[in-house]
Structures are given as structure tokens and as C-alpha cells.
Amino acid sequence: MQLQKTDPYQLDNMDTYSNLLYVKDMRVELSHLAHRACNIDKYRVETCCVIGNYYSLRSQHEKAVLWFQRALKLNPNYLSAWTLIGHEYMEMKNTQAAIQAYRHAIEVNRRDYRAWYGLGQTYEILKMPFYCLYYYREAQKLRPNDSRMLVALGESYEKLEKPRLQEAKKCYWKAYSVGDVEGLALIKLARLYEKLAEDDHARAAYTEYTNEAEAMGLTDREEQSQAYRYLANYHFRSKQYDVAHKFAQKCTDYPETREEGKALLKDIASRRCEADAASTNEGSRIADFPGMEVMATADRLSPMNLTFTP
């Protein structure tokens with residue numbers, strides 16, 4: 001890093017840098033940073049945070065908590081330490097200790113969205129949906145354009161079933177609109193439309209999802225197989241056999257939907273034979289009555305605007 005070359009003994013903001021290394025799973029770089037920080041000054045708050053992140057990435061969560069607690073002894077108002085301790089207790093399945101740590105973080109700074117989000121996750125584990133919804137809403141207020149907050153909020157609304165499903169739709173759509181970091185919003189929106197039997201909206205959402213997945217070169221996701229299965233059946237029911245055949249063929253590429261895809265391909269072939277026979281009979285009748293015109297009946301659905309209107 002350029003800063004280390006310019007000032008080898010610099011420790012300011014190294015805790016933030018270690019968070020980035022942790023998120024990117026850069027174990028070697030984080031290990032090097034932890035050893036370097038410890039050699040410079042092991043009694044700095046930043047050093048304790050760096051070493052805590054190092055142990056956390058190695059799944060040594062008890063040691064990580066000890067180092068974050070050392071940081072708090074050096075500075076009781078060090079916000080990041082409380083939040084990180086909460087994360088570690090979550091990894092250790094100690095929900096009560098995690099709640100306490102996150103609440104301390106909020107007492108220090110009520111604008112720490114990570115602590116609000118952490119509390120939402122904790123109450124989600126405890127299966128307390130209304131508490132979970134409250135804390136996710138607070139996190140989303142602080143980060144209104146963060147897709148992770150919106151998806152979590154949408155999932156909470158969806159768990160409350162019918163009274164809040166409209167709000168869940170809005171959350172998923174907005175998460176997709178602002179740039180879905182995790183790539184979950186659109187598939188969740190499509191499944192919700194499917195659950196509500198809003199078939200045309202579900203088709204549009206699944207189609208957009210598969211188009212984006214194919215554009216990114218993704219082919220091994222279970223969600224894709226489910227999307228292809230829905231689209232194949234949708235177009236089969238709509239008697240759009242060419243499109244249905246394309247999606248049924250894609251179903252055979254995935255073990256979860258392979259057999260269903262093969263069965264659907266047989267059904268499509270059978271329906272095509274019936275359609276060809278009917279077309280032949282229709283042609284002979286037209287020859288007998290030259291003035292008769294055949295009306296087109298296989299109109300395709302136009303692309304759907306996924307914008308949700310409350």
C-alpha cells in the first residue's frame with residue numbers, strides 16, 4: 001500500500017483498512033497488517049481492531065472478542081468495537097450478548113446503521129418478526145439506498161404475510177432499482193409475484209433475472225433453474241411452444257429441474273404434432289373455401305414494466 005511506503009509507522013485509519021481486507025477475505029494481507037501494527041504499537045485502539053479482525057477471519061471468535069474488548073478499555077467510546085463484538089457474538093450463536101453489544105453501539109452513536117442492522121439479524125434468528133422489522137426499518141432510514149437493508153426489510157414484510165406483502169414488493173423493487181449488491185432482489189420479487197399468482201408480473205421478473213444472469217455468465221445458480229422452470233411452464237400454458245422449448249431445454253442443464261424439463265419437452269413435442277395436424281386440416285378447408293382467412297391467435301405478451309405502483 002502506498003501509504004505504508006510513505007509513512008511506515010502510520011496507524012491512523014488502519015482499523016478501517018483492516019475492515020476492508022476482512023470483507024474481501026484477504027487473509028495474507030490482513031495477517032501482514034496485524035503483525036506490522038502489533039510491532040509498531042500494540043496499545044493503540046487501531047491495532048486491537050486489526051488483530052481482532054485477523055482472529056475473526058480465522059474463525060477464532062473468542063480471541064477476536066478479547067481484542068475488541070481491549071480496544072474498548074483503551075477507548076470506551078470506540079464505536080466500531082461494540083459493533084464488531086456484536087458480530088462476533090452472532091458468529092458464536094450468543095444472541096443475548098450480541099444484542100447487548102449492539103445496544104451499546106447505538107448508545108454511543110444512534111446513526112450506526114450496522115448496529116441497527118445487526119439487531120435486526122439477531123431478532124430474525126430469534127424468530128421475533130416485529131422486533132426484526134423495527135430494527136431493519138431504522139437501519140434502512142439511515143441507508144435509504146442500500147440494497148441490503150431494503151432486501152432485509154422486504155423479507156421481514158414477507159414473513160408477516162398478507163397484511164404487508166405490498167410493502168415487500170416495494171422493498172424488493174427499490175433494492176433492484178438502486179443497484180442490488182447481492183443480486184437477490186429481483187429473484188425474490190419474482191417469487192413473491194409467483195406466490196401471489198400474478199403470473200404476468202412473475203414472468204417479466206423471471207425473464208429479467210435470467211437475462212441478467214446470462215449476461216454476467218452465471219450458469220450454476222439454483223435460482224436460475226427455478227426461473228427457467230417457471231418460464232417454461234408459463235409459456236407452455238400460453239401455447240408459445242417455441243419459447244417454452246427454449247426454457248425447457250435450459251431446465252435440463254440443472255439437476256434440480258432436469259427430469260421436469262425432459263417431461264415438458266415431450267409434452268411440447270406432442271402439442272406441436274397436434275398443432276401441425278390441425279393446421280393441415282385447416283389448410284384443406286381453406287382450399288375448399290378460397291375466401292376464408294385464417295386469424296392469427298398466437299399473440300405474444302409484450303415486455304412488462306416491472307415498476308411497482310402502490
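Use the structure listed above.
Residues numbered from 1 in each chain as written. Predicted model: local features only at pLDDT ≥ 70, side-chain atom pairs only at ≥ 80, totals over all residues. Heavy atoms only, no water.

1. What about the overall build of the protein chain?
Part 1 of the reasoning: Along the backbone of the protein chain there are 16 helices and 0 strands.
Part 2 of the reasoning: By residue count, 43% of the 310 residues in the protein chain fall in the buried class.
Part 3 of the reasoning: Of the contacts formed within the protein chain by residues at least 6 apart in sequence, a portion of 51% connects residues at least 24 apart.
Part 4 of the reasoning: With an accessible surface of roughly 17,700 Å², the protein chain has 51% of that area assigned to carbon and sulfur atoms. (Helix = DSSP H or I, 4+ residues; strand = E, 2+ residues; numbered from the N terminus. Buried < 20%, exposed > 50% of the residue type's maximum accessible area, 1.4 Å probe, protein only. Contact = heavy atoms within 4.5 Å. Areas by Shrake-Rupley, 256 points an atom, 1.4 Å probe, with all protein chains shown as cover.)

2. Quick look at the packing of helix H12 (residues 185-195) against helix H13 (residues 199-215)
Part 1 of the reasoning: Taken N-terminus to C-terminus, the directions of H12 and H13 make an angle of 155 degrees; their axes are 8 Å apart at the nearest point. Between H12 and H13, the interaxial angle falls into the category roughly antiparallel. Crossing of H12 against H13: the hand is left-handed. Between H12 and H13, the contacting residues are Leu186, Ile187, Ala190, Arg191, Tyr193 and Glu194 on the first element and His201, Ala202, Ala205, Tyr206, Glu208, Tyr209 and Glu212 on the second.
Part 2 of the reasoning: Here the residues of the contact of H12 with H13 sort into 8 nonpolar, 1 polar and 4 charged. (Axes fitted to C-alpha atoms, helices over the stretch in contact; angles between N-to-C directions. Parallel < 35°, antiparallel > 145°, perpendicular 65-115°, else oblique. Left-handed = near helix turned anticlockwise from the far one by under 90°. Nonpolar A, V, L, I, M, F, W, Y, C, P; charged D, E, K, R; others polar.)

3. Re the side chain of Glu46
Part 1 of the reasoning: Within the element layout of this structure, Glu46 appears in helix H4 (residues 45-57).
Part 2 of the reasoning: We classify Glu46 as buried; its relative accessible area is 16%.
Part 3 of the reasoning: A polar contact of 3.1 Å, which involves the side chain of Glu46, links it to the side chain of Arg44.
Part 4 of the reasoning: The residues contacting Glu46, other than those within four sequence positions of it, are Leu11, Asp12, Asn13 and Asp15. (Polar contact = N/O pair within 3.5 Å; in protein donor to acceptor, adjacent residues only side chain to side chain.)

4. Regarding the pattern of salt bridges
Part 1 of the reasoning: Counted according to the given criterion, the structure contains 13 salt bridges.
Part 2 of the reasoning: Here Lys141 and Glu138 are joined by a salt bridge, their closest N and O atoms 3.3 Å apart. With Lys141 and Glu138 both in helix H9 (residues 129-142) and 3 residues apart, this pair spans about one turn of that helix.
Part 3 of the reasoning: Judged by relative accessible area, which is 53%, Lys141 ranks as exposed.
Part 4 of the reasoning: Two residues, Glu214 and Lys250, come together in a salt bridge whose shortest N-O distance is 3.5 Å. Highlighted residues: Glu214 in helix H13 and Lys250 in helix H15 (residues 241-251), separated in sequence by 36 residues.
Part 5 of the reasoning: Since its relative accessible area comes to 24%, Lys250 is described here as partly exposed.
Part 6 of the reasoning: Within the structure, one salt-bridge network assembled from shared partners comprises Asp12, Arg44 and Glu46. (Salt bridge = Lys/Arg side-chain N within 4 Å of Asp/Glu carboxyl O.)

5. Let's talk about the packing of helix H8 (residues 113-125) against H9
Helix packing geometry: the angle between the two helix axes and the distance between the axes.
Part 1 of the reasoning: In the contact formed by H8 and H9, the axes pass within 8 Å of each other and the chain directions differ by 160 degrees. Taken together, the axis directions place H8 and H9 in an arrangement best described as roughly antiparallel. Along this stretch, H8 crosses H9, giving a crossing that reads as left-handed. Between H8 and H9, the contacting residues are Tyr113, Trp116, Tyr117, Leu119, Gly120, Gln121, Tyr123 and Glu124 on the first element and Tyr131, Cys132, Tyr134, Tyr135, Tyr136, Glu138, Ala139 and Leu142 on the second.
Part 2 of the reasoning: Of the residues that constitute the contact of H8 with H9, the class distribution is 12 nonpolar, 2 polar and 2 charged.

6. Re the packing of aromatic side chains
Part 1 of the reasoning: Enumeration according to the criterion identifies 13 aromatic pairs in this entry.
Part 2 of the reasoning: Relative to Tyr135, the ring of Tyr123 lies with its centre 5.4 Å away and its plane at 5 degrees, an arrangement referred to as stacked. Of this pair, Tyr123 sits in helix H8 while Tyr135 sits in helix H9, placing them 12 residues apart in sequence.
Part 3 of the reasoning: Judged by relative accessible area, which is 7%, Tyr135 ranks as buried.
Part 4 of the reasoning: Aromatic ring contacts, followed pair by pair, group Trp116, Tyr123, Tyr131, Tyr134 and Tyr135 into a single cluster.
Part 5 of the reasoning: The positively charged end of Arg143 is found above the aromatic ring belonging to Tyr113, 4.5 Å away from the centroid.
Part 6 of the reasoning: The ring centre of Phe247 lies 4.6 Å from the NZ or CZ of Lys246, which sits over that ring. (Phe/Tyr/Trp six-rings, centres within 6.5 Å; stacked < 30°, edge-to-face > 60°. Lys NZ or Arg CZ within 6 Å of the ring centre and 35° of its normal.)

7. Observations concerning unusual backbone geometry
Part 1 of the reasoning: With a phi close to 55 degrees, Lys127 is a non-glycine residue in the positive phi region.
Part 2 of the reasoning: Within the secondary structure layout, Lys127 lies in the loop between H8 and H9.
Part 3 of the reasoning: Overall, the relative accessible area of 72% leaves Lys127 in the exposed class.
Part 4 of the reasoning: Of note, the phi angle at Lys239 is positive, near 65 degrees, even though the residue is not glycine.
Part 5 of the reasoning: One can find Lys239 in the loop between helix H14 (222-237) and H15.

What is shown is where atoms sit, not what they do.
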